[in-house]
Amino acid sequence: MAAALRPAILRRIRLSPSPLAAAASAASHPHALARWLSRPMSSHDAHLTRDEVVDRLLEVLKSHPKVDPSKVSPEAHFEKDLGLDSLDTVEVVMAIEEEFKLEIPDQEADKIDSLPLAIEYVANHPMAG
């Protein structure tokens, strides 16, 4: 079902952060901006460490509007632990794609239903940036 919803969501949703939202985000995560600005411009320059992947994925999940940040851990399952439904999971996978500048094929995206699987996918992806 998630595979069927994903293309519809991609066609309809294109979010641009407002300057106010970007400022609020930067204020709440001051090191995130510095880390983002200091990263290599090309994913070919340096591969991410597993710890960097985990940290960034945790932030992606904590920033999702339907997720209680206190429940997010590296072992969290999207549905069982975080209470996300299939549409929310598609949105999370899309946010992961955006965060790491990846395009995850539908067949792989459908399998990502927990942080351990997301960590494994991104950490092993050669183009993750």
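To be clear, the structure that these remarks concern was listed above.
Now for a description of the structure that goes with this document. If you're wondering where the values come from, they're calculated on a predicted model, not measured in any experiment.

This brings us to the nonpolar core. Grouped together as the largest cluster of nonpolar side chains are 28 residues, with contacts concentrated most on Leu61, Ile96 and Phe100. Every element with two or more residues in this core is listed here: helix H4 (50–62), helix H5 (86–100) and helix H7 (115–124).

Turning our eyes to something else, we now look at H7. Every buried residue of H7 is accounted for by Leu115, Ala118, Ile119, Tyr121, Val122 and Ala123. Looking at the buried positions of H7, the neighbouring elements they touch are H4, H5 and helix H6 (106–109).

The next point concerns H4. Here H4 spans 18 Å end to end across 13 residues, near enough to the 18 Å set by a 1.5 Å rise per residue. Buried within H4 we find Val53, Val54, Arg56, Leu57, Leu58, Val60 and Leu61. Buried positions along H4 lie against H5 and H7.

Turning our eyes to something else, we now look at the environment of Asp106. Position of Asp106 relative to the elements: it lies in helix H6. The sequence separation of Asp106 and Val90 amounts to 16 residues, and the corresponding C-alpha distance is 9.9 Å.

In contact at an axis separation of 10 Å, H4 and H5 are set at 135° when each is read in the N-to-C sense. Put simply, H4 runs oblique to H5. Relative to H5, H4 is oriented so that their crossing is right-handed. Two secondary-structure elements touch here, H4 through Val53, Arg56, Leu57, Val60 and Leu61 and H5 through Val92, Ala95, Ile96, Glu99 and Phe100. For the contact of H4 with H5, the class distribution of residues is 8 nonpolar, no polar and 2 charged.

With that settled, consider the pattern of salt bridges. Applying the stated criterion across every chain, the model contains 4 salt bridges. A salt bridge links Arg50 to Glu120, with the nearest nitrogen and oxygen atoms 3.1 Å apart. Remark: Glu120 occurs in helix H7 and Arg50 occurs in helix H4; sequence separation between them is 70 residues. Judged by its relative accessible area of 43%, Arg50 falls in the partly exposed class.

Reading the values: rules and limits
Residues numbered from 1 in each chain as written. Predicted model: local features only at pLDDT ≥ 70, side-chain atom pairs only at ≥ 80, totals over all residues. Heavy atoms only, no water. Core = buried A, V, L, I, M, F, W, Y, C linked by side-chain atoms within 4.5 Å. Buried < 20%, exposed > 50% of the residue type's maximum accessible area, 1.4 Å probe, protein only. Helix = DSSP H or I, 4+ residues; strand = E, 2+ residues; numbered from the N terminus. Contact = heavy atoms within 4.5 Å. Expected span 1.5 Å × (residues − 1). Axes fitted to C-alpha atoms, helices over the stretch in contact; angles between N-to-C directions. Parallel < 35°, antiparallel > 145°, perpendicular 65-115°, else oblique. Left-handed = near helix turned anticlockwise from the far one by under 90°. Nonpolar A, V, L, I, M, F, W, Y, C, P; charged D, E, K, R; others polar. Salt bridge = Lys/Arg side-chain N within 4 Å of Asp/Glu carboxyl O.

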